Amino acid sequence: MKMACEVPVIDMQDFPSQSEKLVGACEDWGCFRLINHTIPATLMSEMKSVVRSLLDLPLEIKQRNRDAIAGSGYVAPSAINPLYEALGLYDVGSVEAVHAFCTQLDASPLQRSKSENDRHTAEARNELVNFRLIFSVEELFSCSIFSFANNLKASNGETIVRYSQAVHELALDICGNLAASMGLKSDLFDEWPCQLRINKYNFTPEMVGSPGVQIHTDGGFLTILQEDENVGGLEVMDKKSSEFIPINPLPGTLLVNLGDIATAWSNGRFYSLQHRVQCKEAKIRVSIALFVLGPKEAAVEAPAELVDSEHPRLYVPITFEDYRKLRLSTGLRAGEALALLHATNS
Ligand SMILES: O=C(O)CCC(=O)C(=O)O
Ligand SMILES: [Fe+2]
């Protein structure tokens, strides 16, 4: 069996010193482990619990999480990936989109001003006095369970809002560092929409050894992955040997990998990482992925600084939306669709 591999480690607090290492990791590995990042450990573990509870919701509630763009909403277990299901939030940079996601899943964050809060507390106290007069102890108990459940949903919503903000800010910082490391303006990626996806793998004893998610590359620019800190299974393609190597989770850190759009944007310099998730043990595995996709409307093309006579333009410009449709219509999910964009093909 292949040993777990050590991908390059990037210290988020050590820029610009880490610039060269960051670019090298994108070119030679297509991934790196991020340490000293800005998402608090408590928020990471709170979000993981929320993810578990959201994916435990009844099917009819999960199905309310509809696609905002194709494939961005609820993904049910399928013939190809029978162990896998996911919920998705397109455009984490939009407060409205985050709130809509929470509302769909009955997890609306409480948003009250102080005066509203005081009024709410007074009303609740009065209601309780009235209840005491007319209800039994059992009824009172079930009533407080009800309000506890409501508060739990609201606190789930607050965690989703805080996590979405934190991971979106981190994505902008990573992309900003990457652009600056290549001598480009650090705000290049600021308007690129991002999608959050929360994944659950129902690994059963009879599935040990089979895939939880098939080999693929991510279609967008870059992915930030919060792995399950207890249950491994992620394997990445080593660029040098073309062999899959297991990645062991490292609690508190994040794994960042590049996708197809990064290869197109960088004029072929960045490696779009092929990866898969294998079922290693009969446990539930949960992961959280933030995808920086591609520009909303503009076509993706390498900046002029990355093109010269020695490095001619490799790919024809394409919008992220058209590239996504190309991957879907051809079924080429492991980076092969990039070859269809090769400038000599046009
Ligand atoms: O769950 C994981 O570790 C990886 C998930 C993944 O590759 C994806 O969502 O694209
Ligand atoms: Fe992926």
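Further up the page is the structure itself.
Residues numbered from 1 in each chain as written. Chains lettered and ligands numbered in written order. Predicted model: local features only at pLDDT ≥ 70, side-chain atom pairs only at ≥ 80, totals over all residues. Heavy atoms only, no water.

## Notes on the site of ligand 1
Contacts to ligand 1 come from Arg197, Asn199, Tyr201, His216, Asp218, Leu225, Leu234, His275, Val277, Arg285, Ser287 and Phe291. Arg197 has a polar side-chain atom sitting 3.3 Å from an oxygen atom of ligand 1. In the model, an oxygen atom of ligand 1 is placed 3.0 Å from a nitrogen or oxygen of the His275 side chain. Put simply, ligand 1 lies in the largest pocket. Secondary structure elements with two or more residues in the shell around ligand 1: β4 (194-202), β10 (275-278) and β11 (284-292). Split into classes, the residues belonging to the shell around ligand 1 amount to five nonpolar, four polar and three charged. (Near = heavy atom within 4 Å. Polar contact = N/O pair within 3.5 Å; in protein donor to acceptor, adjacent residues only side chain to side chain. 1 Å grid on protein atoms, 1.4 Å probe; cavity = no way out; pocket = protein on both sides within 12 Å on 5 of 7 lines; lining within 4 Å. Sits in = over half its atoms within 2 Å of the grid points. Helix = DSSP H or I, 4+ residues; strand = E, 2+ residues; numbered from the N terminus. Nonpolar A, V, L, I, M, F, W, Y, C, P; charged D, E, K, R; others polar.)

## Describing the pattern of salt bridges
Per the stated rule, a full pass over the model turns up 15 salt bridges. Of the charged contacts, one joins Arg162 and Glu46 as a salt bridge, the two residues approaching to 2.7 Å between their closest N and O atoms. Pair noted here: Arg162 is in helix α6 (residues 137-181) and Glu46 is in helix α2 (residues 41-55), with a separation of 116 residues, a long-range link. Exposure remark for Arg162: the relative accessible area of 40% places this residue in the partly exposed category. Glu46 gets classed as partly exposed once you look at its relative accessible area, which sits at 33%. Between Lys296 and Asp91 there is a salt bridge, with the nearest N and O atoms lying 3.7 Å from each other. Here the residue Lys296 occupies a position in the loop between β11 and β12 (299-300), and Asp91 occupies one in the loop between β3 (84-90) and α4 (95-104), the gap between them amounting to 205 residues. Lys296 sits in the exposed class, given a relative accessible area of 52%. The network of salt bridges with common partners includes Lys48, Asp228 and Glu229. (Salt bridge = Lys/Arg side-chain N within 4 Å of Asp/Glu carboxyl O. Buried < 20%, exposed > 50% of the residue type's maximum accessible area, 1.4 Å probe, protein only.)

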